[in-house]
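Coordinate analysis (summary)
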Amino acid sequence: MKFSRREFIKHCAAATAYASLPISLTNCSNETSAFPEKVELDPNLTWNKAPCRFCGTGCGVMVGTQNGKVVAVAGDQLNPVNKGLLCIKGYSLPGILYGEDRLTKPLIRSNGKFKEATWDAALDLVASKYKEALDRYGPEAVAIYGSGQWTISDGYAALKWFKGGIGSNNVEANARLCMASAVTGFMTTFGADEPMGCYDDFEKGDAFVLWGNNMAEMHPVLFSRILERKRKASWVQIIDLATRKTPTTEWADMHLSMAPQSDLAIANAIARHIINTQRYDKDFVNQHTVFRRGKENIGYGLEDNFSFKDDPRPMSFDEYKAYVQKYTPEHVEKISGIPAGKIKQLAEIYADKFTKVVSLWCMGMNQHNRGTWINNLVYNLHLLTGKICKPGNNPLSLTGQPSACGTVREVGTLAHRLPADMVVMNPVHREKAAKIWGVPAKRIPTKPGYNTVEMFRAFDRGDIRVLWTQTTNPMVSMPNLIRYREGAQKDGRFLVVSDVYPTPTTEIADVVLPAAMWVEREGFFGNTERRTQHWQKMVEPPGEAKADVWQTMEVAKRMGYGDLFNYDEAMYERELFEEYRQFTLGTGHDLGTYEQYVEARGLRWPVVNGRETPYRYTARFDPYVAEGKQIEFYSNNKTGGRAVVWARPYEPAPEIPDSEFPFWLTTGRVLEHWHTGSMTRRILHLHRAVPEAYVELHPDDASELGIQNGEKVRVRSRRGAVELKVVLDGKGKPRRGSVFVPFFDESKLINEVTLDSYCPISKEPDYKKCAVTVEKLQAI
């Protein structure tokens, strides 16, 4: 049964008493509105603004401190992202700082056991191991692996140290596991990363098409904005295109249950319908697009040192029209399981010129062995109809981490990138970076480093000898995990881990460095809608914990790269930011000044003459559009400022169910926990709400296997197995022949089961599709 909006708010946003925080939320004046009329802040506390520490929404938080501790949080009503509303994780933020087992001192492994050490001893050891590996094996034998939880200065310091100092491109981040396909989708279609639209579209759209996106649980505040739009405009539709029913489905006007991998065929069927019914925007297509066809049957990245380079070939509109003709609704019904009539119904939403459409996705499209392709194909729908760069008419890739955009994508902490969409393969880009850094251009290698999966494969093989991870937990999050955990423990490997709590990754480290977190240090994050936000340090970190950026700079100085980090110790956050900002000016990625961010609730780049840009590529809003043009995809120099409509086929997944492994396995998150659970499982009410991982089965599949709700089963693949309790008819309900398991539980490592295939273009792994069997455990 669909629950009320008030119940939805209680479930997803949390009541004050449930969160156990000393804040007062007044009742909403309208019982059905998700957003509070007023948030009252305790006058006895000191309050400061900060962005949320969790997902990439970028919600504004008011942080209340007293006696040197964070004791309360509230939604920031002045922040346009969330307008005073937070989700249950946001309301629980103080709890992430004060777990009993917080890491407070450096640890060095000696004779198999950790011993407390001084910072000097730990940093000297890390620096010596890096220097030893460089001397013996060269710059390709060392690596650093961060995350979308890195602040902008964290990521920028790591990038500068490695690419401008050491001369190694082995810089990666865990956003490769969640957002790389979004990057390559943007880059191959528009010539630049990140969206043209923004969150303002939630108040202007007529139809919200969710491509494999459980938005009610994964981005509940943004979903609340959609529900508010729907409350005020009765014609608004929500379309849930997914492989399982979720809480999002409860709010959908249309649920389309699709087979895994079939989104490729569905998108092509919609494009075919738009063209065949003559509803494509001829003027927009003629003036603003070109057509390309790349390589096909491109592999799945399963082999070590896998390599792929696309070879785009021009094609005409008529050739593209012919290309999509095989994707009839009837043919795609056989692939997807969605009735042909429902496919036509979805296609009509895109085709109707009077319906403003916002397409939304996150991991369902990005963690995909053809992730770049499906991003391209959804962009095709907006380009063919001209429903792009206009308020309420845009595609929007949502983000899973607070600075996957601001740090990983914009700073460029990936093996092939430099800041502001520059790449190491381009000599002009290397020259610019070298000039800003004051180093020879030849210091920056021309060859990209290892992508994340290949980085851990190289660590296993011994091609990488020293690896430092910061703000991430790869020994829970990597696919095909058994290989990479065993590889990291082989002789001749040295693993450094900076984190805030013990994790399965710190458990196997050689050195553990305690990190300061969130408001225990100053920082910047950048969110999904290109909004960069700043916060000040508000409390001291526990014990001897230090910011990741400080740790990185100290090791660099010990290795002789002090000239790269010659900043005022009291001002290095500001000086790092202003230096990084130089990369962005005049590029269409322009950032504002440090002072502007201190004052503002974030600004959406490009920021030109102090003004933010809500919509890109349109003369109405974007100062980079050339005079006399209304729409210009100005970063696509090779196409004359036009976007690319790509011909991309449906191709099957690398591993599909068979008689031995008859089920699809999909993994993902739950509302109450975040990623690997290292923070949220230490918050009592979140842990009590969902204390352990489980497996969702369709009731008919469970009946055939003789399995009851709550019984334990073994989920097994060709790589590993995990034992889990069965949940039938819970919040999520998979299709027949599919199972779902969340990955937050370090005691039940579902990634020992998953497959490390990846998109050959983005190199992002596919966590959504592999073959498993479900075995009932016999009672002893």
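Residues numbered from 1 in each chain as written. Predicted model: local features only at pLDDT ≥ 70, side-chain atom pairs only at ≥ 80, totals over all residues. Heavy atoms only, no water.

Moving on, we get to the overall build of the protein. Per the secondary structure count, the protein includes 27 helices and 31 strands. Against the 2.2 N^0.38 benchmark of 28 Å for 780 residues, the protein shows a C-alpha radius of gyration of 25 Å, consistent with a compact globule. Counting only C-alpha atoms and orienting by the principal axes, one finds that the protein spans roughly 70 × 70 × 60 Å. Counting over 780 residues, the protein shows a buried share of 66%. As presented, the protein carries roughly 26800 Å² of accessible surface, and 48% of it is formed by carbon and sulfur atoms. Across the protein, the 99 positively charged side chains and the 93 negatively charged ones have centroids separated by 3 Å. (Helix = DSSP H or I, 4+ residues; strand = E, 2+ residues; numbered from the N terminus. Rg over C-alpha atoms; globule rule 2.2 N^0.38 Å. Buried < 20%, exposed > 50% of the residue type's maximum accessible area, 1.4 Å probe, protein only. Areas by Shrake-Rupley, 256 points an atom, 1.4 Å probe, with all protein chains shown as cover. Lys, Arg positive; Asp, Glu negative; His and termini not counted. Charge placed at Lys NZ, Arg CZ, Asp CG, Glu CD.)

A word on the pattern of salt bridges. Counted under the stated rule, the structure contains 59 salt bridges. Measuring nitrogen to oxygen at the nearest pair gives 3.1 Å for the salt bridge that ties K537 to E540. Residue R719 is joined to E655 by a salt bridge in which the shortest nitrogen-to-oxygen separation is 2.9 Å. Highlighted residues: R719 in the loop between β27 (712-716) and β28 (721-728) and E655 in the loop between β24 (643-647) and β25 (663-668), separated in sequence by 64 residues. Each member of the pair, R719 as well as E655, carries the same accessibility label: buried. One salt-bridge network, held together by shared partners, links D304, E454, R457, D460, R461, D463, R483, K490 and D756. (Salt bridge = Lys/Arg side-chain N within 4 Å of Asp/Glu carboxyl O.)

What follows deals with the sheet that holds strand β26 (residues 694-697). Around the barrel, which closes on itself, the 6 strands sit in the order β25-β30-β26-β28-β27-β31 with mixed pairing between neighbours. Taking the axes of each pair of neighbouring strands and ignoring which way they run, one obtains an average angle of 45 degrees across the sheet. With 2 bridges connecting them, β26 and strand β30 (residues 738-742) associate as antiparallel partners. In the sheet register, L697 faces β30, and the bridge partner there is V739. (Pairing = 2+ DSSP bridges. Axes fitted to C-alpha atoms, helices over the stretch in contact; angles between N-to-C directions.)

In this section: the confidence of the model for the protein. This prediction gives the protein a mean pLDDT of 95; 96% of its residues lie at or above 70. Confidence drops under pLDDT 50 across residues 1-31; counting only partners more than four residues distant or on other chains, this segment forms 70 contacts. (pLDDT = per-residue confidence, 0-100. Contact = heavy atoms within 4.5 Å.)

Of the voids in this model, the second largest pocket is the one considered here, and its volume is about 370 Å³. Residue lining of the second largest pocket: 18 residues in total, with R521, E522, K537, E569 and Y572 positioned closest to the centre. In terms of residue count, the dominant contributor to the lining of the second largest pocket is helix α24 (residues 572-584) (3 residues). When the residues that make up the lining of the second largest pocket are grouped by side-chain class, the tally is 9 nonpolar, no polar and 9 charged. (1 Å grid on protein atoms, 1.4 Å probe; cavity = no way out; pocket = protein on both sides within 12 Å on 5 of 7 lines; lining within 4 Å. Points joined across faces, edges and corners; volume = space filled by probe spheres on them. Nonpolar A, V, L, I, M, F, W, Y, C, P; charged D, E, K, R; others polar.)

What follows deals with empty space enclosed by the protein. Under the defined criterion, the tally for this structure stands at 8 cavities of 30 Å³ or more. In this structure, the second largest cavity occupies an estimated 120 Å³ of space. Contributing elements (two or more residues each) for the lining of the second largest cavity: α3 (88-91) and α9 (220-232). The class makeup of the residues in the lining of the second largest cavity is 9 nonpolar, 4 polar and 1 charged.

Ranked by size, the top nonpolar core spans 92 residues in total, and within it F190, W211, Y320 and F633 carry the most contacts. It is helix α10 (residues 263-276) that contributes the most residues to this core, 9 residues altogether. If we skip the residues at most four places from it in the chain, W211 touches L241, D263, I266, A267, I270, Y350, S359, L360, W361, M365, V378 and L381. Within the second largest apolar cluster, 65 residues are counted, among which are V61, L93, F223 and I683. (Core = buried A, V, L, I, M, F, W, Y, C linked by side-chain atoms within 4.5 Å.)

With that settled, consider the pairing of strand β10 (residues 207-211). Among the 5 residues in β10, 5 count as buried, and that is most of the element. The alternating pattern of β10 places A207, V209 and W211 on one face and F208 and L210 on the opposite face, and all of these are buried. As paired elements, β10 and strand β11 (residues 237-242) share 5 bridges and run parallel to each other. Counted as the bridge partner of L210 is D240 from β11. By the bridge criterion, 5 bridges tie β10 to strand β16 (residues 357-361) in an arrangement that is parallel. Paired with L210 across the two strands is L360, which belongs to β16.

It is at 9 Å that the axes of helix α5 (residues 119-137) and helix α23 (residues 548-558) come closest, and there the two elements cross at 60 degrees. Judged by the inter-axis angle, α5 sits oblique to α23. Of the two elements, α5 crosses α23, and the hand of that crossing is right-handed. Packed against α5, whose contacting residues are W119, D120, L123, D124, V126, A127 and K131, the element α23 presents W550, Q551, E554, V555 and R558 at the interface. Taken together, the residues of the contact of α5 with α23 break down into 6 nonpolar, 1 polar and 5 charged. (Parallel < 35°, antiparallel > 145°, perpendicular 65-115°, else oblique. Left-handed = near helix turned anticlockwise from the far one by under 90°.)

On to helix α13 (residues 329-336), then. Listed in full, the buried residues belonging to α13 are P329, V332 and S336. Seen end-on, α13 carries its buried residues on one side only, within an arc spanning 65 degrees. Looking at the buried residues of α13, the elements they touch are β13 (254-257), α10 and α14 (340-351). Just past α13, the residue G337 takes up positive phi, approximately 85 degrees. (Arc of directions from axis to C-beta.)

What follows deals with the environment of R225. By secondary structure assignment, the location of R225 is in helix α9. For R225 and V539, which are 314 residues apart along the polypeptide, the C-alpha to C-alpha distance reads 32 Å. The residues contacting R225, other than those within four sequence positions of it, are F35, P80, V81, K83, Y199, D200, F202 and E203.

With that settled, consider the packing of α10 against α14. Two numbers describe how α10 lies on α14: the axes approach to 9 Å, and their chain directions differ by 60 degrees. Here α10 is positioned oblique relative to α14, judged by the angle of their axes. Remark: the crossing between α10 and α14 carries right-handed chirality. Each of I266, A269, I270, H273 and I274 in α10 lies in contact with α14, whose residues at this interface are I343, K344, L346, A347, E348, Y350 and A351. The residue makeup of the contact of α10 with α14, split by class, is 9 nonpolar, 1 polar and 2 charged.

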